[in-house]
Amino acid sequence: IDRLEQLLDKFALPRQKTVETPSIAPTESGMRRGIANHEFFLVYQPQFELATGKVIGVEALLRWQHPTRGLIHPSLFIPLAEKSGLINQLTELVLEQALGQMAKWRDKDITMSINVSPTTVVDLDMPEKLDAMTAALEIAPEKIVIELTETALMENVSLYMDILTRLRMKRFNLSIDDFGTGYSSMQQLVRVPFNELKIDQSFVRQLIKDEECRAVAQMSVSLAHGLNMQVVAEGIEDQETFDWLKELGCEFGQGFHMARPAPAHEIEELYLS
Ligand code: C2E
Ligand code: MG
Ligand code: MG
Ligand code: MG
């Protein structure tokens, strides 16, 4: 574990997120208009069991179809949404669309992973809200996975502890997203009631080239298994990486090598029928 922490520290600086240039940055008023005009929608990326190649779930990923700028990815607008408070409206919209879709896929043997921002987890009374929504739609809570980034989580573990425990008690799954990017101490990690860990794509994508990335992946897998969590690798872009991860004992994965995010009807046609 010390070795894992050392490695992650070493990676932390060069891997910090880049800042988008203001000229293409969306505005708060633009987002408000976009929400009112229903310009936000979800695409879904399949998740695979590496051993069998079977689709075991999908992750819902938000998109903004801007009337003049075209398709905008979440890294460009989620930070602004979080700062302006619009994230609550976006989360509502995401939950409605994702759960609505899941109701249509009720008879499929898949889970639905949903990304949530830390602020919404606190503001929206998430456990009760999710419970009510899934019950109304007759979706088993076991089929829903709530993803929270490691960075968000570790900024205030004790604040989220209560809400996360309540979510688990209601049988929703909890996943630590972007694991390896959040400077978390392993002591804290042990305390959170998560049952899934997602290895960040920055490690997965360098796996073949970089021995230390392989070490991070390998140690993340053993750490997760030691804590009774299942592991998902994100950003698998080639067969070699796929094979490596399978060999390491990583059970699940997603990535462009297997499938890109796509609208629900395409996912259904290609992977669920
Ligand atoms: P994430 O949750 O870690 O999602 C994985 C991101 O990696 C997605 O980008 C996905 O399209 C991309 N990806 C998947 N496989 C590959 C691959 O093999 N290679 C490469 N290069 N990329 C791959 P996306 O859709 O742009 O989302 C970026 C981030 O935005 C997400 O990271 C998530 O943190 C956030 N996000 C997405 N949807 C939502 C949402 O509904 N609510 C909130 N709060 N955040 C969201
Ligand atoms: Mg995610
Ligand atoms: Mg991630
Ligand atoms: Mg990410």
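Cut-off values and rules
Residues numbered from 1 in each chain as written. Chains lettered and ligands numbered in written order. Predicted model: local features only at pLDDT ≥ 70, side-chain atom pairs only at ≥ 80, totals over all residues. Heavy atoms only, no water. Axes fitted to C-alpha atoms, helices over the stretch in contact; angles between N-to-C directions. Helix = DSSP H or I, 4+ residues; strand = E, 2+ residues; numbered from the N terminus. Parallel < 35°, antiparallel > 145°, perpendicular 65-115°, else oblique. Left-handed = near helix turned anticlockwise from the far one by under 90°. Contact = heavy atoms within 4.5 Å. Nonpolar A, V, L, I, M, F, W, Y, C, P; charged D, E, K, R; others polar. Buried < 20%, exposed > 50% of the residue type's maximum accessible area, 1.4 Å probe, protein only. Polar contact = N/O pair within 3.5 Å; in protein donor to acceptor, adjacent residues only side chain to side chain. Donors = N, O, S within 2.8 Å, 3.2 Å for Na, K, Ca; no water. Salt bridge = Lys/Arg side-chain N within 4 Å of Asp/Glu carboxyl O.

Named according to an unreviewed UniProt entry, the chain is EAL domain-containing response regulator originating from Thalassospira aquimaris.

S.K.: Where do I start with the packing of helix α2 (residues 28–36) against helix α4 (residues 87–104) in this structure?
M.R.: When two helices pack together, their arrangement is given by the angle between the helix axes and the distance between those axes. Across the interface, α2 lies against α4 with an axial gap of 11 Å and an inter-helix angle of 25 degrees. By the angle class used here, α2 and α4 are roughly parallel. In this structure, α2 meets α4 at a crossing whose hand is left-handed. Taken together, the residues of α4 that come into contact with α2 (itself represented by M31, R32 and I35) are Q89, L90 and L93. Taken together, the residues that form the contact of α2 with α4 break down as four nonpolar, one polar and one charged.

S.K.: For this particular structure, what's the right way to read the environment of Q230?
M.R.: Mapped onto the secondary structure, Q230 falls in strand β8 (residues 230–234). Sequence separation between Q230 and E196 is 34 residues; the distance between their C-alpha atoms is 4.7 Å. Sequence-distant contacts of Q230, that is, excluding residues within four places in its chain, are made with N195, E196, L197, E251 and F252.

S.K.: Even after reading the chapter, I still don't get the side chain of E147, so can you show me in this structure?
M.R.: Tracing the sequence through the fold places E147 in strand β5 (residues 144–149). Taking the relative accessible area as the measure of exposure, E147 reaches 1% and is therefore buried. Among the polar contacts made by the side chain of E147, one reaches the side chain of K198 at a distance of 2.7 Å. Filtering out sequence-adjacent residues up to four positions away, E147 remains in contact with Q47, E59, S113, I114, N115, V116, S175, D177 and K198.

S.K.: Hey, could you run me through the coordination of the magnesium ion (ligand 2) in this one?
M.R.: Expected angles at a metal are 109.5 degrees for tetrahedral coordination by four donors and either 90 or 180 degrees for octahedral coordination by six donors. Protein ligation of the magnesium ion (ligand 2) involves E59 (OE), N115 (OD1), E147 (OE) and D177 (OD), the donor distances falling in the range 2.0 to 2.2 Å. Here the donor residues of the magnesium ion (ligand 2) are spaced in sequence according to E-x55-N-x31-E-x29-D. Between the two metal centres, the magnesium ion (ligand 2) and the magnesium ion (ligand 3), the spacing is 4.2 Å, with D177 acting as a shared donor. Taken as a pair, N115 in strand β4 (residues 111–115) and D177 in strand β6 (residues 173–179) lie far apart in primary sequence, 62 residues in all. Judged by relative accessible area, which is 29%, N115 ranks as partly exposed. Under the relative-accessibility criterion, D177 is labelled buried at 5%.

S.K.: Please clarify how the pattern of salt bridges should be interpreted in this entry.
M.R.: Side chains bearing opposite charge may pair, as long as their charged atoms lie close to each other. Evaluation of the coordinates by the stated rule reveals 12 salt bridges. Across the salt bridge formed by E147 and K198, the nearest N and O atoms sit 2.7 Å from each other. Highlighted residues: E147 in strand β5 and K198 in strand β7 (residues 196–199), separated in sequence by 51 residues. You'll find E147 and K198 in the same group, each marked buried. Three or more residues joined by partner-sharing salt bridges are found here, namely E59, E147, K198 and E234.

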